[in-house]
Amino acid sequence: MAEQDTLAQLAQILADSQRLVVSTGAGISKESGIPTFRDAMDGLWAKYDATQLATPSAFVQNPKLVWDWYQYRRELVGKAKPNAGHYALAELEDLLPQIVIVTQNVDGFHQMVGSTDVVCLHGNIMLNKCFANCRGTPTYVDPNLLEGNDSPPRCPHCQKAYVRPDVVWFEEMLPPDALTRAFELSRTADVMLVIGTSGAVYPAAQLPFITHENGGIVLEINPNESGISSIARHRLAAPSGEVLPRIVEIIRTLRRA
Ligand code: BV8
């Protein structure tokens, strides 16, 4: 089916949705200049595998290496801006009865552009916490309290454990409330739009399958095939920053008709 037809079909299904869930991965931030998780390993990080660095054991074994990798990525996020795709999703809130974003991303861009209901599965790279959660889970650490430029710094509260980024590492549990809500939303969604994820990381990758098993329609925007494509009724093989604004325009027109 030509891209234009797929785009029109996808827009119509979204326009008719009553309980839409949008599941986003690193691909939606690619056009903001943030490398996707797998190609975050470029330059000096090329010799490492992200799944080997984003783990508690890697941090215990080599705290400086892991901390420096996050500092590198935080700098990228700090310099980047949300793109037209993030803004288009925020605009959908005024056009649809219900839209909830469930994101694997840690850049905070959905909230930054005004999306009001965002479930963050993997935390926020711009926040820090005590590795020992010395004052309860989580023990956030105010960057202004960090002294010197130790890499990583020690927690200013317990003075013992290292400070770490507030993200969910591999082999760590996801925030229980976020995960429970994501499962529930996926079960009851009549449509799930999956944007920019390879569908390789669990339990996030399970969500579209839950929607599909419960009779919901799965749609996908991704230039490449992914682990989700097999259950997508339509896959728009295009960059999300390019097509999401066009989809919003079509839905606006349908609303005026
Ligand atoms: C858990 C935060 C229970 C950190 C991330 C063995 C032991 C322990 C666990 C496991 C195990 N085997 C499997 C597991 C489960 C494991 C897992 O899934 N592993 C994978 C590698 C198989 N999961 C976990 O460990 C999770 N916890 O299961 O707890 C438990 C507890 C103890 C023991 C066992 C189980 C925790 C997972 C969370 C990891 N943290 N992020 C950080 O950011 O540093 S994951 C991180 O990678 C992202 O958050 C995201 O989830 C994932 C990257 O995936 P994508 O977002 O999809 O990005 P990717 O680059 O892959 O793809 C980008 C896509 O965009 C591509 O398809 C591309 O085509 C597309 N694209 C490109 N440009 C565009 C575009 N699309 C649209 N527009 C464009 N312009």
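In what follows, the structure referred to is the one given above.
Summary of the structure given here.

The rules behind the values
Residues numbered from 1 in each chain as written. Predicted model: local features only at pLDDT ≥ 70, side-chain atom pairs only at ≥ 80, totals over all residues. Heavy atoms only, no water. Helix = DSSP H or I, 4+ residues; strand = E, 2+ residues; numbered from the N terminus. Rg over C-alpha atoms; globule rule 2.2 N^0.38 Å. Buried < 20%, exposed > 50% of the residue type's maximum accessible area, 1.4 Å probe, protein only. Contact = heavy atoms within 4.5 Å. Areas by Shrake-Rupley, 256 points an atom, 1.4 Å probe, with all protein chains shown as cover. Near = heavy atom within 4 Å. Polar contact = N/O pair within 3.5 Å; in protein donor to acceptor, adjacent residues only side chain to side chain. Core = buried A, V, L, I, M, F, W, Y, C linked by side-chain atoms within 4.5 Å. Expected span 1.5 Å × (residues − 1). Phe/Tyr/Trp six-rings, centres within 6.5 Å; stacked < 30°, edge-to-face > 60°. Lys NZ or Arg CZ within 6 Å of the ring centre and 35° of its normal. 1 Å grid on protein atoms, 1.4 Å probe; cavity = no way out; pocket = protein on both sides within 12 Å on 5 of 7 lines; lining within 4 Å. Points joined across faces, edges and corners; volume = space filled by probe spheres on them. Nonpolar A, V, L, I, M, F, W, Y, C, P; charged D, E, K, R; others polar.

1. Looking at the overall build of the chain
Thought 1: Each helix and strand in the chain was counted, giving ten helices and eight strands.
Thought 2: What you see for the chain is a C-alpha radius of gyration of 19 Å, in line with the 18 Å of a compact globule of 257 residues.
Thought 3: Relative to its full complement of 257 residues, the chain shows a buried share of 52%.
Thought 4: Taking the intrachain contacts of the chain between residues at least 6 apart in sequence as the baseline, contacts between residues at least 24 apart amount to 67%.
Thought 5: Accessible surface, the chain as shown: approximately 12100 Å² in total, 52% of it carbon and sulfur.

2. Digging into the site of the ligand
Thought 1: Taken together, the neighbourhood of the ligand is formed by 34 residues, with Tyr70, Arg73, Gln104, Thr197 and Ser198 sitting nearest.
Thought 2: Glutamate 31 is positioned with one of its side-chain polar atoms (N or O) 2.8 Å from a nitrogen atom of the ligand.
Thought 3: Residue serine 198 places a side-chain N or O atom 2.6 Å away from an oxygen atom belonging to the ligand.
Thought 4: Considering the ligand on its own, with 1500 Å² of exposed area, one finds that the protein chains cover 77% of that surface.

3. Considerations on the nonpolar core
Thought 1: Counting 30 residues, the largest nonpolar core has Leu14, Leu193, Leu244 and Ile247 as its most contacted members.
Thought 2: Contributing elements (two or more residues each) for this core: α1 (3–16), β1 (20–24), α6 (84–92), β2 (99–103), β6 (191–195), β7 (217–221) and α10 (240–256).
Thought 3: The biggest single contributor to this core is α1, with six residues.
Thought 4: Residue contacts for leucine 14: discarding those within four places in its chain leaves Leu20, Leu96, Val191, Leu193, Leu219, Ile247 and Ile251.
Thought 5: Among the nonpolar cores identified, the runner-up in size contains 21 residues, and Val100, Leu121, Leu174 and Ala178 belong to it.

4. Looking at α1
Thought 1: Look at α1: 20 Å from first C-alpha to last across 14 residues, which is about the 20 Å you get at 1.5 Å a residue.
Thought 2: Buried positions along α1 lie against β1, β6, β7, β8 (234–236) and α10.

5. Structural notes on the packing of aromatic side chains
Any pair of aromatic rings gets described here by the distance separating the centres and the angle formed by the planes.
Thought 1: Taken as a whole and assessed by the stated rule, the structure comprises five aromatic pairs.
Thought 2: With centroids separated by 6.1 Å and ring planes inclined at 75 degrees, the aromatic side chains of phenylalanine 59 and tyrosine 162 adopt a geometry described as edge-to-face. Taken together, the positions of phenylalanine 59 in helix α4 (residues 56–61) and tyrosine 162 in the loop between β4 (123–130) and β5 (163–167) put the pair 103 residues apart, joining distant regions of the chain.
Thought 3: Members of the aromatic cluster, connected to one another through ring pairs, are Phe59, Trp69, Tyr70, Phe131, Tyr162 and Trp169.
Thought 4: Directly above the ring of tryptophan 69 sits arginine 73, whose terminal nitrogen or CZ lies 4.6 Å from the centroid.
Thought 5: Across the ring face of tryptophan 169, the terminal group of arginine 164 is positioned such that the distance to the ring centre comes to 3.8 Å.

6. A closer look at the layout of surface pockets
Thought 1: Put simply, the largest pocket is a space of about 910 Å³.
Thought 2: Listing elements by their share of the lining of the largest pocket, those giving two or more residues are α2 (27–30) and α5 (63–79).
Thought 3: Here the lining of the largest pocket gets four residues from one element, more than from any other, and that element is α5.
Thought 4: The residue inventory of the lining of the largest pocket, partitioned by class, reads 23 nonpolar, 14 polar and seven charged.
Thought 5: Roughly 400 Å³ of volume is contained in the second largest pocket.
Thought 6: Broken down by secondary-structure element, the contributors of at least two residues to the lining of the second largest pocket are β4 and β5.

7. Describing unusual backbone geometry
Thought 1: With an omega of 0 degrees, the peptide bond between threonine 137 and proline 138 qualifies as cis.
Thought 2: Within the secondary structure, proline 138 sits in the loop between β4 and β5.
Thought 3: Of note, the phi angle at asparagine 133 is positive, near 45 degrees, even though the residue is not glycine.
Thought 4: Summarising the element assignment, asparagine 133 is placed in the loop between β4 and β5.

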